[in-house]
Structures are given as structure tokens and as C-alpha cells.
Amino acid sequence: MAAYSLRSYFSFMKGKRKEPAGGGKAIDMVGFLDYCAEQDLEAAELTSYFFPPDADDAYFLELRRQAFLRGVTISGTAIGNNFTQGAGDKLDREIETALEWIDKAAVLGAPHIRFFAGKGKELDDHPERMGEAVAAMKRCAERAGRRGVFLGIENHGNLRPDQLLPIVHAVDHPWVGINLDTGNFYSEDPYRDLEQCVPYAVNVQVKMNMKKPDGTEYPADLDRIAGILRDSTYQGFVVLEYEDEHPYDHIPAALDRLRKALGTSIV
């Protein structure tokens, strides 16, 4: 499960302190690992947004130790970068931050980082930014390969398959693939979009809902998604990213539905 599923109950969001929401237990990252263990989860994505701003190597090593003691594998972490915003100081800072997080992930023992290459509309409006995004990803890929960390480019920001796949092909690096989010294709046929991209998936995130082009949500067909993963012979982690209300109340049932679809139900 991704820590983003319990985002309202952490005390930090992207380096800024916030009050945890009521109606559920406030947690830190160790508390999230406890929750994952309680839910009999094999792995946890420790989303970087919720780390304290002073997190250093000692912090990451302690998290790594705590995860091991609980028998919970750290499946990865996540950052919120944008490489299609146009050349300049902002893009340069985004790249430097991404490079820093590759090093942090290696210390944490996170074998994967989900990357946001950019936004579909920015590529539509500024096609030349495709080259800038590819160049940025290549710089990150070189560092990731040296540190043994996979970079999964997520279909985030309304990136369509005809935008996402060319980036992956152009970067052409053994440590770069797709972080395939089942709820992030807002198209008339998102399952077809998933089928096109799943051969390049190095990590899969499952949402309980999908969206139409107008933003209308509808329940995801988890059995169909599981079939797409099986047909592609995908063998990596499948991560629940729960985005609906009252997660503490509904996550156990969501996990049960997902396990049944994947054929991994706990006996």
C-alpha cells in the first residue's frame, strides 16, 4: 500500500507541518509500517511527501531497519516532479531535487521511485518540451542506474500513452520503466491504455475508481485489471493507492477485493 492512502493523518506534507485529520489515528512513517503489518501487506511505498523536512540518512536507515523488523518490504518511494514546465531555473531545480531523491532512495533501501515526467497539456501546447523531459529523465536514469534504483514514469498529469511511451522509448535505459497507475488514464477506454503500457511497467498502482474524460468517477473493474496484469506476465508489486474518504474504515475491504482479483487472498 502507498502511504498516500493515509495522507490526511500524517503531520507533514512536502516539508510543511500540518495537523492530522480527525476521525482516524494520526501516524508517522513507523506507524504506517505498523499499519501495513497489521493488514498483512507484503510491502509499503513510503511516499516522500510525508517525511519530516529534516529527514537525513540516519532517519532513512532507521526506517529501513524498522521495516525489516516488521517483515514489510519497502517497495519504493515517490516524488512529485515536473519535467515539462519549460527550460530554466525551475526545471534545473526539479532535476537536482530528483537526483537527490535517487540517493535518498538508495539509503532507504527503496528499489523504485515513481516519477512524474510532466503534464500532457504542457506537451500538447509545447511539443519541444518532450526533448527537455527526455533529457532530464536521461540524467536521472544515469544516477539511478549507478544506485540500483528503478525510475517508474507515472501516467500522471493526464499523460496519454502516445506521450508516455515515446518518453520511455527515448530514454531507453534498463533502470527506467512505467509506474502504471490504473486510475490515471482519463479516456474513453482506459483499459486499452493500460494494455498498451503494461509491458513497460516496473510498478503498478491500483485505484478503486477510474475517471471519464469529463472527470466523472466510476468503480474500477479489478478483475479486468488483474487479467491485464496476468496476460502481460507482470510480476512486480501491486500497490493500493486509496484515494476515497474514510480510508481507515474502507481500506481493509479494498485490500480484500484486490487480493481476490489478483488471486492472493489470505487464508
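Rules and cut-offs
- Residues numbered from 1 in each chain as written.
- Predicted model: local features only at pLDDT ≥ 70, side-chain atom pairs only at ≥ 80, totals over all residues.
- Heavy atoms only, no water.
- Helix = DSSP H or I, 4+ residues; strand = E, 2+ residues; numbered from the N terminus.
- Buried < 20%, exposed > 50% of the residue type's maximum accessible area, 1.4 Å probe, protein only.
- Contact = heavy atoms within 4.5 Å.
- Polar contact = N/O pair within 3.5 Å; in protein donor to acceptor, adjacent residues only side chain to side chain.
- Expected span 1.5 Å × (residues − 1).
- Arc of directions from axis to C-beta.
- Salt bridge = Lys/Arg side-chain N within 4 Å of Asp/Glu carboxyl O.
- Core = buried A, V, L, I, M, F, W, Y, C linked by side-chain atoms within 4.5 Å.
- Pairing = 2+ DSSP bridges.
- Axes fitted to C-alpha atoms, helices over the stretch in contact; angles between N-to-C directions.
- Phe/Tyr/Trp six-rings, centres within 6.5 Å; stacked < 30°, edge-to-face > 60°.
- Lys NZ or Arg CZ within 6 Å of the ring centre and 35° of its normal.

Participant: Any chance you could explain the side chain of Ser-5 here in plain terms?
Facilitator: Tracing the sequence through the fold places Ser-5 in the segment before β1 (12-13). Classification of Ser-5 as buried rests on a relative accessible area of 2%. Apart from the residues within four sequence positions on either side, Ser-5 is in contact with Leu-240, Glu-241, Tyr-242, Pro-247 and Ile-251.

Participant: I'm lost on the side chain of Asn-81 in this one. Help?
Facilitator: With respect to the secondary-structure elements, Asn-81 resides in the loop between β4 (73-78) and α3 (89-108). A polar contact of 2.9 Å, which involves the side chain of Asn-81, links it to the backbone nitrogen of Phe-116. Residues contacting Asn-81, with those up to four places away along its chain left out, are Glu-94, Phe-115 and Phe-116.

Participant: What exactly am I supposed to notice about helix α5 (residues 129-147) here?
Facilitator: In an α-helix there are 3.6 residues to a turn, and that puts residues three or four apart on one side. Over its 19 residues, α5 runs 27 Å from end to end, which matches the ideal 27 Å to within 8%, given 1.5 Å per residue. The set of residues buried in α5 consists of Arg-129, Ala-133, Val-134, Ala-136, Met-137, Cys-140, Ala-141 and Ala-144. The arc that holds the buried residues of α5, viewed along the axis, is 165 degrees, so those residues lie on one side. At its buried positions, α5 is contacted by α3, β5 (112-115), α4 (120-125), β6 (150-154), α6 (161-171) and β7 (176-181).

Participant: Quick question: what am I supposed to make of the pattern of salt bridges here?
Facilitator: Oppositely charged side chains can pair when the atoms bearing their charge come close. Under the criterion given, the structure shown has 16 salt bridges. A salt bridge links Arg-160 to Asp-124; the shortest N-O distance between them is 3.0 Å. With Arg-160 in the loop between β6 and α6 and Asp-124 in helix α4, this residue pair connects regions lying 36 residues apart in the sequence. Since its relative accessible area comes to 44%, Asp-124 is described here as partly exposed.

Participant: Explain the nonpolar core to me, please; I cannot follow it from the model alone.
Facilitator: Nonpolar side chains tend toward joint burial in soluble globular proteins. Grouped together as the largest cluster of nonpolar side chains are 85 residues, with contacts concentrated most on Leu-6, Phe-32, Leu-46, Phe-83 and Phe-115. Of all the elements, α3 adds the most residues to this core, at ten residues. Discounting chain neighbours no more than four positions away, the residues touching Phe-32 are Met-1, Ala-2, Ala-3, Leu-6, Phe-10, Ile-27, Ala-44, Glu-45 and Leu-46.

Participant: Hey, could you run me through the sheet that holds β7 in this one?
Facilitator: Sheet strands pair by backbone hydrogen bonding; their relative direction is either parallel or antiparallel. Spatial strand order, β3-β4-β5-β6-β7-β8-β11: seven strands in an open sheet with parallel pairing. This sheet does not close on itself; its edge strands, each paired only once, are β3 (43-45) and β11 (238-240). Neighbour-to-neighbour, the strand axes of this sheet turn through a mean angle of 25 degrees, independent of strand direction. With two bridges joining them, β4 and β5 adopt parallel strand pairing. In the sheet register, Ala-78 faces β5, and the bridge partner there is Arg-114. Running at roughly 155 degrees to β11, helix α9 (residues 247-262) makes contact with β8 (201-206) and β11 of the sheet.

Participant: I'm lost on the packing of aromatic side chains in this one. Help?
Facilitator: In this structure the tally under the stated criterion is 14 aromatic pairs. Each ring, one from Phe-10 and one from Phe-50, has its centre 4.6 Å from the other, and the planes form 10 degrees; the classification is stacked. Highlighted residues: Phe-10 in the segment before β1 and Phe-50 in the loop between β3 and α2 (57-69), separated in sequence by 40 residues. Taken together, a centroid distance of 5.6 Å and an interplanar angle of 75 degrees make the contact between Phe-51 and Tyr-59 edge-to-face. The exposure class assigned to Phe-51 is buried, which follows from its relative accessible area of 3%. Owing to a relative accessible area of 22%, Tyr-59 belongs among the partly exposed residues under this scheme. Members of the aromatic cluster, connected to one another through ring pairs, are Tyr-4, Phe-10, Phe-32, Tyr-49 and Phe-50. Lying across the ring of Tyr-49, Lys-14 places its NZ or CZ 4.8 Å from the centre. Note that Lys-104 overlies the ring of Trp-101, its terminal NZ or CZ placed 4.4 Å from the centroid.

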